[in-house]
Amino acid sequence: MTERHQDAPDGHERTGTPGEPDEPRGSDAPDGTGGKDTPDGTDGRHAPDGIGRKHAPDGAGGRDALRRAWGELVATARRTVADGLVVGTSGNVSVRVGDTVLVTPTGVPYDRLTHDDITGVDLDGRQVLGSLRPTSELPLHLAVYRATEARAVVHTHAPHATAVSLLVPELPLVHYMAAALGGPVRVAPYAAYGTPELAEHTLRALSGRSACLLRNHGTIAHGASLDQAYDRTAQLEWMCRVWLLSSSVPGLTPALLSPAQLEEAGERLRGYGQQG
């Protein structure tokens, strides 16, 4: 049967039963799984666990790395819903493992994702893992990976951040944690989701930054890990909430940090936490 997910922003469909992987298709192997691509009959998209030898770096160790990364990606995607940063399937998450980018599939509720639903593409966007279609924001994720040293990307429709994106071209300096994101957080001009134009606008706004706002849309943050990308997203949403709250008090104007104060905070943050 075909199930249509009404909460998917792009209206895409997924075939199959919710929570179960799509049935593999193919006519080259006796069981119909299209097994001529690799010696073990798995091409990465139709392997029992979605990870064939052809696309797993470094053999079994590479497959284990992909499985672990997929588990972390699913946990992060579910966290965006639990923490109120997205509604339904509106945001997306990705993580890079070697030259493979694992991404959330389009239109599938995150609580239904299993290890069999692993979805991955190469850096050119060609699907190499899984049978579910990747997120419609794939061009945005790949653009970030090509332009930065990012190993993970989190995109949300966080409510306070989205509200700020409607009001200003740059998040006012209400808190020194802006320094942890590289400086004042810019707002990328609006462009339709999933388009090259949105990716171009986003890369300009991300220049020298690890996060930005997307006008009338949401947030995007990248990092060396899924945890770091998520933490930066949460920090950005919190700063946006602080500005909205402080600027809503009648007759008062929020006190903002100066560039020099932000620079000083950035120096201190570089030595923050456990070293070694």
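First things first, this report covers the structure right here in the doc.

Parameters at a glance
Residues numbered from 1 in each chain as written. Predicted model: local features only at pLDDT ≥ 70, side-chain atom pairs only at ≥ 80, totals over all residues. Heavy atoms only, no water. Buried < 20%, exposed > 50% of the residue type's maximum accessible area, 1.4 Å probe, protein only. Helix = DSSP H or I, 4+ residues; strand = E, 2+ residues; numbered from the N terminus. Pairing = 2+ DSSP bridges. Axes fitted to C-alpha atoms, helices over the stretch in contact; angles between N-to-C directions. Parallel < 35°, antiparallel > 145°, perpendicular 65-115°, else oblique. Left-handed = near helix turned anticlockwise from the far one by under 90°. Contact = heavy atoms within 4.5 Å. Nonpolar A, V, L, I, M, F, W, Y, C, P; charged D, E, K, R; others polar. Salt bridge = Lys/Arg side-chain N within 4 Å of Asp/Glu carboxyl O.

Burial along strand β4 (residues 100-103) is two-sided: Thr100 and Leu102 and Val101 and Val103, pointing in opposite directions, are all buried. Summarising the sheet, strand β3 (residues 92-97) and β4 pair through four bridges and their orientation is antiparallel. Within β4, the position partnered with Ser94 by the bridge is Val103. Where β3 folds back onto β4 in an antiparallel hairpin, the turn is made up of two residues, including Gly98, whose phi is positive at roughly 65 degrees. Two elements, β4 and strand β5 (residues 120-122), share three bridges in a ladder whose sense is antiparallel.

This next bit is on the packing of helix α2 (residues 138-147) against helix α4 (residues 196-206). Put simply, α2 and α4 touch, their axes get as near as 9 Å, and they point 40 degrees apart. Relative to α4, α2 is oriented oblique. Crossing angle aside, the handedness with which α2 passes α4 is right-handed. Residues Pro139, Leu140, Ala143, Val144 and Ala147 of α2 form the contact with α4, whose participating residues are Leu198, Ala199, Thr202, Leu203 and Leu206. Among the residues making up the contact of α2 with α4, the classes are represented as nine nonpolar, one polar and no charged.

Okay, the pattern of salt bridges next. A side chain of one charge can pair with a side chain of the opposite charge if their charged atoms are brought near each other. Using the criterion set out here, one finds five salt bridges in the structure. A salt bridge links Arg126 to Asp122; its shortest N-O distance comes to 3.4 Å. With relative accessibility at 16%, the residue Asp122 sits in the buried group.

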